[in-house]
Amino acid sequence: QVQLVESGGGLVQAGGSLRLSCAASLPPFSIYYIYTMGWFRQAPGKEREFVATISRSGGSTYYADSVKGRFTISRDNAENTVYLQMNSLKPEDTAAYYCAGSRSVDRPTDRQYEYNYWGQGTQVTVSS
């Protein structure tokens, strides 16, 4: 069973940056076989929403309009890790951030039902 573990969340002032990591409990290079990876977030009282997704090779990415130009998703298949670099953070970015992996599709996707594996989440709080 694949386990995804997020880290890097915390409290930051508006305008600041954070880098989230998502490590997969797999042998080296095995995350390559999880195909698409993605990040989602859920704010209190709201539904979970798409943030960013990346293809297996890392060559294709897709972002929610709300984070485009501020967030960058990347992956290191040798380290079985996916990252989310978050810059120019805003109070509305406050949420629990979840890493997800898909073996159902081999393309970037914002559809939650296409993801097979989910992490437990890491909290990001942006103060104004």
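Presented here is an overview of the structure given in this document. Every residue gets a number counted from 1 within its own chain, in the order that chain's sequence is written. Where totals are concerned, whole chains, interfaces and linings use all residues; where local detail is concerned, this predicted model gives features only for residues with pLDDT of at least 70, and gives and counts side-chain atom pairs only at 80 or more. As a rule here, side-chain values come from all non-hydrogen atoms in the structure, and water together with hydrogens is ignored.

## Examining the pattern of salt bridges
And step 1. We define a salt bridge as a side-chain nitrogen of Lys or Arg found within 4 Å of a carboxyl oxygen belonging to Asp or Glu. In the structure shown here, the tally under the stated rule is seven salt bridges.
And step 2. The partner of R41 in a salt bridge is E49, with the nearest N and O atoms 2.7 Å apart.
And step 3. We call a residue buried when its accessible area falls under 20% of the maximum for its residue type, exposed when it is over 50%, and partly exposed in between, using a 1.4 Å probe and counting protein chains only. Look at R41 and you get buried, because its relative accessible area is 6%.
And step 4. Since its relative accessible area comes to 36%, E49 is described here as partly exposed.
And step 5. Of the charged contacts in the structure, one is a salt bridge between D93 and R70, with a shortest N-O distance of 2.8 Å. Taken together, the residues D93 in the loop between strand 8 (81-86) and strand 9 (95-102) and R70 in the loop between strand 6 (61-63) and strand 7 (71-76) connect sequence positions 23 residues apart.
And step 6. Given the relative accessible area of 10%, R70 is considered buried.
And step 7. Shared partners join several salt bridges into a network, and the residues in it are R41, E49, R70 and D93. In this text, helices come from DSSP runs of H or I with a minimum length of four residues, and strands from runs of E with a minimum of two, each type numbered from the N-terminal end.

## Looking at the pairing of strand 4 (residues 36-42)
And step 1. Here strand 4 lies mainly inside the structure; six of its seven residues are buried.
And step 2. Criterion used throughout: strands pair if DSSP finds at least two bridges between them. Taken together, the seven bridges between strand 4 and strand 9 define a ladder with antiparallel strand orientation. Directly across from G38, in strand 9, lies its bridge partner A100.
And step 3. Relative to strand 5 (residues 49-54), strand 4 is paired through five bridges, and the arrangement is antiparallel. Bridged to R41 within strand 5 is E49.

## Concerning the state of the cysteines
And step 1. When the sulfur atoms of two cysteines come within 2.5 Å, that pair is taken as a disulfide. In this structure the tally under the stated criterion is one disulfide.
And step 2. Covalently, C22 is tied to C99 through a disulfide, its sulfur atoms 2.0 Å apart. Since a negative S-S torsion denotes a left-handed disulfide, the C22-C99 link at about -75 degrees is left-handed. Taken as a pair, C22 in strand 3 (residues 18-24) and C99 in strand 9 lie far apart in primary sequence, 77 residues in all.

## A word on the sheet that holds strand 3
And step 1. Overall, antiparallel pairing links the four strands, which are arranged 1-3-8-7 in an open sheet. This sheet does not close on itself; its edge strands, each paired only once, are strand 1 (4-7) and strand 7. Taking the axes of each pair of neighbouring strands and ignoring which way they run, one obtains an average angle of 15 degrees across the sheet.
And step 2. Here strand 3 runs beside strand 8; their pairing, made up of six bridges, is antiparallel. In the strand pairing of strand 8, L20 is matched with L84. Fitted lines through C-alpha atoms serve as axes, helices being fitted only where they are in contact, and the angles separating the N-to-C directions of these axes extend from 0 to 180 degrees.

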